[in-house]
Structures are given as structure tokens and as C-alpha cells.
Amino acid sequence: MIYDYIIVGAGMGGISAGLNLIKNKKKVLILEKNSLPGGLVSTFKKGRFEFDTSIYDLYNYGNSEYIGDVQTVLNKYGIDLDTTLIPLNINIKDAKNTSYIIDGDFEEFIVKLEEFKEGTITKLKEFLKIIKEIHEAVRALQKNESLSNYPHFQKYIDYTALDGLKDLGLDKEVINRLGIWYLDLGSPLNKLSFIDYALFMYKLIFKKDVIINKKNIGFSLDLVNYYQKNGGKIYYNSYVTDIIEDDGFKVVKTKDNLEYKGRVVICDLAKRYVFKELIKTPNKMVNRLENARSLSPNGVVVYLGLNRSREEIGLNNYKYYHFKNMDSVTNVSYMNDLYHDTWIGYVPNVVNEEASPKNTTILVLKRIYFSDVFDDKNGDINKLKENLANDLVTKFEEAYNIDIREYIEEIEVVTPFRLEKITNSVNGSMFGYSLKGYDNSINRLLAYKDEKIPNLEFVGAYSVFGPGIDNAFYSGYFVTEKLLNNKGD
Ligand SMILES: Cc1cc2nc3c(=O)[nH]c(=O)nc-3n(C[C@H](O)[C@H](O)[C@H](O)COP(=O)(O)OP(=O)(O)OC[C@H]3O[C@@H](n4cnc5c(N)ncnc54)[C@H](O)[C@@H]3O)c2cc1C
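Just so it is clear, the model here is predicted, and its values are computed rather than measured.

Student: How do you make sense of the nonpolar core when you look at a structure like this?
Tutor: It is characteristic of soluble globular proteins that their nonpolar side chains tend to be buried jointly. Core analysis: the biggest nonpolar cluster contains 133 residues, and Ile 6, Val 8, Leu 58, Ile 134, Ala 198 and Leu 363 have the highest contact counts within it. Examining the composition of this core, we find that nine residues originate from one element, helix H9 (residues 194-207), more than from any other. Summarising the domain contributions, this core has at least three residues from each of domain 1 (2-42 + 62-81 + 214-291 + 439-484) and domain 2 (105-206). Dropping the residues within four chain positions of it, Ile 134 is found in contact with His 152, Phe 153, Tyr 156, Ile 195, Ala 198 and Leu 199.

Student: What is the right way to read the domain arrangement of the protein from this model?
Tutor: The accessible area lost on association of the parts is a frequent measure of interface size. Considered domain by domain, the protein is made up of domain 1 (2-42 + 62-81 + 214-291 + 439-484) and domain 2 (105-206). Every contact between the two is made by eight residues of domain 1 and, on the other side, ten residues of domain 2. For the side of domain 1 that touches domain 2, a count of residues per class yields four nonpolar, four polar and no charged.

Student: Would you mind going over the site of the ligand with me for this structure?
Tutor: Surrounding the ligand, one finds 38 residues, the nearest of these being Gly 9, Gly 11, Gly 39, Ser 54 and Gly 460. Contributing elements (two or more residues each) for the shell around the ligand: helix H1 (12-23) and helix H18 (469-484).

Student: Can you help me understand the sheet that holds strand S9 (residues 209-212) in this one?
Tutor: As summarised here, the arrangement of the three strands in space is S5-S9-S6, forming an open sheet in which the pairing is antiparallel. Both outer strands of the open sheet, strand S5 (58-59) and strand S6 (83-86), are each paired with one neighbouring strand and no more. For S5 and S9, the ladder comprises two bridges, and the chain directions are antiparallel. Looking at the pairing, Tyr 59 lines up with Asp 209 of S9.

Student: What is the right way to read the packing of helix H2 (residues 69-77) against H18 from this model?
Tutor: The relative placement of two packed helices comes down to the angle between their axes together with the axis-to-axis distance. At a closest axis distance of 9 Å, the pairing of H2 and H18 adopts a crossing angle of 40°. It follows from the interaxial angle that H2 and H18 lie oblique. As for the relative orientation of H2 and H18, their crossing is left-handed in sense. Residue-level inspection shows Asp 69, Val 70 and Val 73 of H2 in contact with H18, the latter providing Asp 470, Phe 473, Tyr 474 and Tyr 477.

Student: Would you explain the sheet that holds strand S7 (residues 88-94) in this entry?
Tutor: Hydrogen bonding along the main chain pairs the strands of a sheet, whether they run parallel or antiparallel. The seven strands lie next to each other as S8-S7-S15-S16-S17-S14-S18, forming an open sheet whose pairing is mixed. Bordering the open sheet on either side are strand S8 (99-104) and strand S18 (408-414), each of which pairs with just one other strand. Shown here is a sheet whose adjacent strand axes are inclined to one another by a mean of 15°, direction ignored. One ladder, built from five bridges, connects S7 with strand S15 (residues 319-323); its direction is parallel. Among the inter-strand pairings, Asn 91 is bridged to a residue of S15, identified as Tyr 320.

Student: Explain H9 here, please?
Tutor: Side chains that are three or four residues apart share a direction in an α-helix, a result of its 3.6 residues per turn. Here H9 spans 19 Å end to end across 14 residues, near enough to the 20 Å set by a 1.5 Å rise per residue. Across the 14 residues that make up H9, a large majority, twelve, are buried. What H9 keeps buried is the set Phe 194, Ile 195, Asp 196, Tyr 197, Ala 198, Leu 199, Phe 200, Met 201, Tyr 202, Lys 203, Ile 205 and Lys 207. The positive-phi residue at the C-terminal boundary of H9 is Lys 208, with phi of around 65°.

Student: Is there a simple way to think about the pairing of strand S13 (residues 259-267) in this case?
Tutor: Moving residue by residue along a regular strand, the side chains alternate between the two faces of the sheet. Where strand S1 (residues 2-8) lies against S13, six bridges are found, and the strand directions are parallel. In the strand pairing of S13, Tyr 5 is matched with Val 264. Here strand S12 (residues 249-254) pairs with S13 via four bridges, running antiparallel. Residue pairing for S13: Lys 250 is matched across the bridge by Gly 262. Here S12 folds back onto S13 in antiparallel fashion, the turn holding four residues, of which Asn 257 has a positive phi close to 65°. Across three bridges, the pairing between S13 and strand S19 (residues 456-458) is parallel. From the neighbouring strand, Cys 267 faces S19, where its bridge partner is Phe 458.

Cut-off values and rules
- Chains are numbered independently. Their residues run from 1 in the order of the written sequence.
- Thresholds applied to this predicted model are a pLDDT of at least 70 for local features of residues and 80 or more for the giving and counting of side-chain atom pairs; totals over whole chains, interfaces and linings are not thresholded and use all residues.
- Any set of buried Ala, Val, Leu, Ile, Met, Phe, Trp, Tyr and Cys residues joined through C-beta atoms within 7 Å is what this text calls a nonpolar core.
- Here a residue counts as buried when 20 or more other C-beta atoms fall within 10 Å of its C-beta, as exposed when 12 or fewer do, and as partly exposed in between; the C-beta atoms come from the backbone.
- Secondary structure elements follow DSSP: runs of H or I of four or more residues count as helices, runs of E of two or more count as strands, with numbering from the N terminus.
- An automatic or database domain assignment is the source of the domain bounds shown.
- Contact between two residues is assigned when their C-beta atoms, built from the backbone, lie within 7 Å.
- Lys, Arg, Asp and Glu make up the charged group, whereas Ala, Val, Leu, Ile, Met, Phe, Trp, Tyr, Cys and Pro make up the nonpolar group; the residues left over, Gly among them, are polar.
- All residues are tested the same way: a C-beta atom is placed from the backbone, and lying within 6 Å of a molecule or strand makes the residue near it.
- Strands qualify as paired when DSSP identifies two bridges or more between them.
- Axes here refer to lines fitted to C-alpha atoms; in helices the fit is confined to the stretch in contact. Angles between the N-to-C directions go from 0 to 180 degrees.
- Each angle is binned into one of four classes, with values under 35 degrees roughly parallel, values over 145 roughly antiparallel, values of 65 to 115 roughly perpendicular, and all other values oblique.
- Each crossing gets its hand from how the near helix is turned against the far one by less than a right angle, where anticlockwise is left-handed and clockwise is right-handed.
- An expected span of 1.5 Å times one less than the residue number is assigned to each helix.

Given below as C-alpha cells:
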């Protein structure tokens, strides 16, 4: 059997690509090394707790007023999703004396910023107009339409986020408050392009943020069931080891010595991994092939199952953002230290009462790293995990004055080694390649055609649009549309 498309990896990008191809009546096979789909969008059990690996925010899904890309694509595939719109509910502190809560809509946040610095609302109204225009310009670019009607896009294309916000006349402290979302992804405002920042803020402000009313794994399985019902094939426990050329076809080999033949291979994987491990490209060529991209940070995630209700414990906010300091530019420089003081907490029970059994709470603590602080694979990893978890719990308790330790019933610590094992992300990188400097989503879009190896495509967080479930999912649609319309080569 010769498949039209073989997809390696059943993460959000791979599944979405499969869904679009099946809808267009193609013969498609997905090969997944794990025994379940979803990649990072998965769930694991510990005692009576079911922890979701990711999806604490689904951006770009939207609501009835602003339909986001994810919803648009799901509608095209014929899939309905049960979601709940969630407010911005973040308790923000830094190690000095900044402390405030964003609660409600972005509009309310803007009012608070005005209280903080008079004149901010007028400048932010201008900002909102600009980000709308940039969103429309990028849509036009994706359709190869003219950009002459988008002067702000043209003006800001070479600006960093920091320079763009300064150009609007915003106060430094206000800029710091507007920069909190990207710190977690490892792109400080002076490295991030203004266009990528504007696109993210457009999603956040207009399309809002939702959660899916299902566990991660339930969502991933629903998508795959739909794919299979419509004729798509998926083989689990199929660890791809080689992709080779054979007489104009691609042959994909797995660890258990099986071979599959297809016309096109789509990888839901890091380019660096595919070139090095699956195509066995000489090392010196790898950088050129992946356009010398830089990997996003890796990190540690501590999943805690607590044996009291969140009300009893006093966990009232969905998110807790704690920074060493509020300035994204200097903050990044502290992130080489294993025990640094910038970290994030999520309490899924605040937006979903059924996130854990009655009278229990889940708290997820996450800290990212910019260097190879985890290099020592031979050290005592269990001791390290224990120390990291202890440190994060202590820091959380001290910063927010909330007791956690005495309520811990279950604990799981996920290190970069483990993340690498789950998804084959390089060095356990959490968010694909960083959107940074000239490697921004616009240049990726413009370079899309030049990056090609014939009949080898990439989807997912390591491909065109950057990190996140929404980007990974949309990339699967975008790339396969190009292929189906024969614009990919
Ligand atoms: C802790 C954490 C929390 C996050 N929270 C959010 C969030 O709230 N919101 C959000 O938008 N994003 C979040 N993200 C990011 C988001 O989860 C990812 O960007 C997205 O899920 C990536 O999807 P993907 O398709 O690129 O690939 P992946 O999920 O990496 O999937 C790749 C798939 O390929 C398979 N594979 C790898 N190698 C092989 C091989 N050789 N053969 C066969 N199969 C292979 C893997 O098993 C995996 O199933 C989070 C990430 C982390 C780590």
C-alpha cells in the first residue's frame, strides 16, 4: 500500500494535518511512538488524581463574537468542542514589592493600568487599533494578498516588542505589566518582534482564552476517533527511526523493522531531530537546514495533588505569576540558575470544578531554564527532583502566604529529560523554536517555500507559527492546505 501522506507524530500538529487530509479523501497513516495520541496534550494518573500535562489555556479558539482560528478549523473538520470561556485571573508578584491581581477582562486590566499611569488608556486604544490591523495584514500575507492597506504592519515589521511599545509612548512600568505573558515562553520583549507580540495580544484580547471541558487525553482521543471514523489510519507504538528516499517515494522505517511507503512525509517533530536522527543529515548541514533556529527554553513542572478544596487552602486565583523582577529583559538573565525566582502556578480547579476529585485541588508549578542546567544526566536525578519540588513549594508558600506542603497527597516532577522522552523535543525544549529576532513568524512565513526538502513537511510547535496548542493545531491545517492546493513546493 502506498499512502498519499505519512505523518510522524500524533501531537496537535500531526492530528490536525491528518484531519484535513482525510477530509480531502487522501490515504493517510499516522505513526506514533507512544501508546496514546496527543503528545504534550495528554493526561497521567497518580493515585486519585488525573493530571493534564498541558492545556491550561487554549488561545485563539474564541467565542461567538470573535471566532478564533482553532474554532474555524475544527468547524471545517466538522468537530464541535465543549469549551468554557475563562477570565484573566492572575495573581502577580515580584521578589521586590510589586503585587497586583488581574481579574476579569483585558478592558478591566487597562483601567487598572490607567490608575497606575494617567494617559495609558488613550495610548492603549491606539495599541488595540494597531494590533487589529496587524492581525488583518498577516491574514492577507497568508493569502499572498497585497499589504499596501496596512501601514502599521509596514511600520512595525522591524520593531522589537519593546521598541514598539515605547514608540506608543507607554511608561516603562506599564510596558513591564504588558510583557508578563511572554516571559514564560523565553522571549523577552527586546528579542520578540512587535508583530509576534501584537498577534499574541490580539488573540488574548479579542479571541479570549478558553479551557476545554475534558481532560487533555479525552480531547486528543476525540480528535483521533473522528480521524479514524473518516478513514484515517493510526499505528501506535510505532517509533520511527529512518526516513529514506526510494524511487521517488518516501520510506518510513520503525524500530520494529516495519516499513511504510508514502508520497509525502509530514513530521510533527523538531526539524533538528528529524535531520539528525531520522534523515541522518551530516551535523554541519543541520543548522543550515533548520535555518539556525534557537530552541525555546526547557523547564521543570511540578504537579501537586492536594487533599483539601482550593477554598480551604486559599488558592483563589487561576494563575500565579511570580517574577524575580518585572522587567522581562533583565529577568531572562536570572534563568540560568536551577533555583531562580521566576515561576508560574496554575490551579485548574478555579476554572473547572471537576479538575480533581471533590475536596481536592491540583496545583501545577512550572519554572523554565535558558541554559543546560540539566546537563548532568548521570547525577542523582531523584534527589534533584526532590530539591526542585521542595524549593518551588517553599517559594510559593512564602510569596503568597498560603500553606501547601501539609496538604500534598501526590506529587510528580517532570524534568527536561522526561519531556524529551515523551515527545523527542530537543533537550526537553518546551515551546518549539523561540520566536526571536529575525526568526519571527513573518519571516518564517516568507521563508516557508525556501525551507523545503521535497516531499518533507513540518507541522506543530516547531514549524511556522510558534508555540502553543493553537499554533500547533493551526499549522496542521495551514501546511496541508498548501499541499492540497499544490502551493507547498
Ligand atoms: C508543561 C506544559 C504546559 C503547556 N501548557 C500549554 C497551554 O496551557 N496552552 C498552550 O497553548 N500550550 C501549552 N503548552 C505547549 C503545547 O502543549 C505544545 O506547544 C503543543 O502541544 C505541541 O504540539 P506538537 O504537535 O508540536 O507536538 P508534540 O505534542 O510534541 O507531539 C509530537 C508527537 O510526536 C511523537 N513522536 C516523537 N518522535 C517520534 C518518532 N520518532 N516516531 C513516532 N512518533 C514520534 C511524540 O510521541 C508526540 O506524540 C504547554 C507545554 C508544556 C510542556
